[in-house]
Amino acid sequence: MWGKRDSRQQEAELLRLAAEQTYAQTYQEKLAEALSVLATYQASKARYLLAQQQEQQINTLFQLVKNKQKAGDLGQIEVDFSLASLAQRLNETAQAMADFRIAETQAWELFPNLPNDKSVVPPQLWQVNIAPASGAVSPDPVDLHPRVLLAKTQWDIQKEAAELARL
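Here the structure is a predicted model, which is why all the values come from computation and not from measurement.

With 8 residues, the main nonpolar core is built from Val37, Tyr41, Tyr48, Ala51, Ala96, Phe100, Ala103 and Ala107. Among the secondary structure elements, those contributing two or more residues to this core are α1 (2-70) and α2 (76-110). In terms of nonpolar packing, the next biggest core, distinct from the first, is built from 5 residues, Leu17, Ala18, Leu150 and Ile157 among them.

So, about the packing of aromatic side chains. Scanning the model with the defined rule gives 3 aromatic pairs in all. Judged by centre distance (5.5 Å) and plane angle (35°), the ring pair of Tyr41 and Phe100 falls under tilted. Taken together, the residues Tyr41 in helix α1 and Phe100 in helix α2 connect sequence positions 59 residues apart. Note on accessibility: Tyr41 and Phe100 belong to one class, buried. Feature note: the residues Tyr41, Tyr48 and Phe100 constitute an aromatic cluster, connected by ring pairs.

Looking now at helix α3 (residues 146-166). With 21 residues, α3 ought to run about 30 Å at 1.5 Å a step, and its terminal C-alpha atoms sit 30 Å apart, in line with that. Three or more residues of α3 are buried, namely Pro146, Leu149, Leu150, Thr153, Ile157, Glu160 and Leu164. Projected down its long axis, α3 carries its buried residues within an arc of 100°, all on one side. Seen from the buried face of α3, the exposed residues on the opposite side, beyond 90 degrees, are Trp155, Gln158, Ala165 and Arg166.

Parameters at a glance
- Residues numbered from 1 in each chain as written.
- Predicted model: local features only at pLDDT ≥ 70, side-chain atom pairs only at ≥ 80, totals over all residues.
- Heavy atoms only, no water.
- Core = buried A, V, L, I, M, F, W, Y, C linked by side-chain atoms within 4.5 Å.
- Buried < 20%, exposed > 50% of the residue type's maximum accessible area, 1.4 Å probe, protein only.
- Helix = DSSP H or I, 4+ residues; strand = E, 2+ residues; numbered from the N terminus.
- Phe/Tyr/Trp six-rings, centres within 6.5 Å; stacked < 30°, edge-to-face > 60°.
- Expected span 1.5 Å × (residues − 1).
- Arc of directions from axis to C-beta.

Below, the structure is given as structure tokens:
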């Protein structure tokens, strides 16, 4: 009877450890997702700002082309080329703006309290520290990964269930 009780206690402890490792694995996946969203946000913002600068430069160029056309220095072909270039740049700017807004929305969904610039990784992402299960400390970092620890814990659970069945 005591053997069954000890086995059940051990199995319950292993189930708790498995739940901890499942949590740690889920946390790491969410952390990776959050960092990816922030990286996408920063990249799309940089692309959008660059597109805006290029659009301003093309607008300046277009004004120069118009002035030269009025002065008779340029023909209609040069003006049409400038208009086509401006239209293409406006399209690229609009696409960059759409990408930026999508990334911004995703960042706001994950981090509603972040400052507007979102230029740094929020410190709260690094505050949760998942400790490895007791007895699982190993010099090999792979052995500390939540999926590996979960697999080991599930194996131990199955061994305890087999021992319980044997008793």
